Amino acid sequence: MKFALKIKYLTFVLLFFVLCSSFLLTGCSLDGNYVGTYNSTFVDSQNDDISISFTLVIKEDNTFNLIRSYGNGYGPKTYSGYYKSYTNSGQKQLLCIIEEGFVCSIDHPNAWYPYFSICRLDDGTLMATSGTTSSSKYVFTAFGEGAVTKITLILFEKE
């Protein structure tokens, strides 16, 4: 009877370790929790008739596409690049660097490679904050600008 009890305890302990290890390994998967397609709409408070829509596609091969569509008839603009993951306070985040599609200005088209970072909020949405750069006349962000404002933060919801 003691032998059967020891077998039950041993089975329980092994099962516990198997479940815990699979949970920990899943929690540490590299970037799988961000892979997917996300959408957002920026409504410029200075111009209620024209909204800007964003679609963010995060791929498993450490690349992404950011598609910006204007509500005023301009066609969509696609930015492409790569991302790196990093951990901040125990939360995995992504740093996305745009390499293709962004033109800083006509005079200096490749003056800056814009970037933005992404983190997941408690409700599952993604919060993307952009880096900015400025010249004596302009401020540039990875997401562009509205009629009056510069877009520095976007909330994305999974499609």
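**Structural notes on the overall build of the protein**
Part 1 of the reasoning: In terms of helices and strands, the protein carries one helix and ten strands.
Part 2 of the reasoning: Its helices and strands taken in sequence order, the protein reads α-β-β-β-β-β-β-β-β-β-β from the N to the C terminus.
Part 3 of the reasoning: Contacts in the protein between residues far apart in sequence, at least 24 positions, make up 37% of those at least 6 positions apart.
Part 4 of the reasoning: Split by element, the accessible area of the protein, about 10500 Å² in all, is 58% carbon and sulfur.

**Section: the pairing of strand β4 (residues 77–88)**
Side chains on a regular strand alternate between the two faces of the sheet.
Part 1 of the reasoning: For strand β3 (residues 63–70) and β4, the ladder comprises six bridges, and the chain directions are antiparallel. Looking at the pairing, Asn65 lines up with Ser80 of β4.
Part 2 of the reasoning: When β4 meets strand β5 (residues 91–100), the two strands line up antiparallel, connected through nine bridges. Counted as the bridge partner of Tyr83 is Cys96 from β5.
Part 3 of the reasoning: Between the end of β4 and the start of β5, which pair antiparallel, lie two residues, with Ser89 showing a positive phi angle near 55°.

**Remarks on the packing of aromatic side chains**
The geometry of an aromatic ring pair is captured by the separation of the ring centres together with the interplanar angle, meaning the angle of the planes.
Part 1 of the reasoning: Per the stated rule, a full pass over the model turns up four aromatic pairs.
Part 2 of the reasoning: The interplanar angle of 80° and the centroid separation of 5.4 Å between the aromatic rings of Phe64 and Phe116 together place this pair among those described as edge-to-face. Placement of the pair is Phe64 in strand β3 and Phe116 in strand β6 (residues 115–120), with a sequence separation of 52 residues. Each member of the pair, Phe64 together with Phe116, is buried.
Part 3 of the reasoning: Geometrically, the ring pair formed by Tyr79 and Phe102 is tilted, given 5.9 Å between the ring centres and 50° between the ring planes.

**Here's the deal with the nonpolar core**
Part 1 of the reasoning: Phe54, Leu56, Ile58, Leu66, Phe116, Ile118 and Phe156 are the most contacted members of the largest nonpolar core, which totals 27 residues.
Part 2 of the reasoning: When contributions to this core are tallied by element, the ones reaching two or more residues are β1 (36–43), β2 (51–58), β3, β4, β5, β6, β7 (126–130) and β10 (153–158).
Part 3 of the reasoning: Looking at this core, the element that brings in the most residues is β2, giving four residues.

**Details of the pairing of β1**
Part 1 of the reasoning: Only one face of β1 is covered, namely the one carrying Gly36, Tyr38, Ser40 and Phe42; the face carrying Thr37, Asn39, Thr41 and Val43 has none of its residues buried.
Part 2 of the reasoning: Relative to β2, β1 is paired through eight bridges, and the arrangement is antiparallel. Note on β2: the bridge partner recorded for Phe42 is Ile52.

**Topic: the confidence of the model for the protein**
When pLDDT drops low, the exact placement of atoms in the prediction is not to be read closely.
Part 1 of the reasoning: Residue-level pLDDT values for the protein average 77, and 72% of them are 70 or greater.
Part 2 of the reasoning: Low pLDDT, under 50, characterises residues 12–32; the stretch is placed with seven contacts to residues that sit more than four places away or in other chains.

**A word on the environment of Val139**
Part 1 of the reasoning: Position of Val139 relative to the elements: it lies in strand β9 (residues 139–141).
Part 2 of the reasoning: Separated by eleven residues in sequence, Val139 and Lys150 have C-alpha atoms that sit 7.6 Å apart.
Part 3 of the reasoning: Those residues within four positions of Val139 in sequence are excluded, and the remaining contacts are Thr132, Thr133, Ser134 and Lys150.

Conventions used here
Residues numbered from 1 in each chain as written. Predicted model: local features only at pLDDT ≥ 70, side-chain atom pairs only at ≥ 80, totals over all residues. Heavy atoms only, no water. Helix = DSSP H or I, 4+ residues; strand = E, 2+ residues; numbered from the N terminus. Contact = heavy atoms within 4.5 Å. Areas by Shrake-Rupley, 256 points an atom, 1.4 Å probe, with all protein chains shown as cover. Pairing = 2+ DSSP bridges. Phe/Tyr/Trp six-rings, centres within 6.5 Å; stacked < 30°, edge-to-face > 60°. Buried < 20%, exposed > 50% of the residue type's maximum accessible area, 1.4 Å probe, protein only. Core = buried A, V, L, I, M, F, W, Y, C linked by side-chain atoms within 4.5 Å. pLDDT = per-residue confidence, 0-100.

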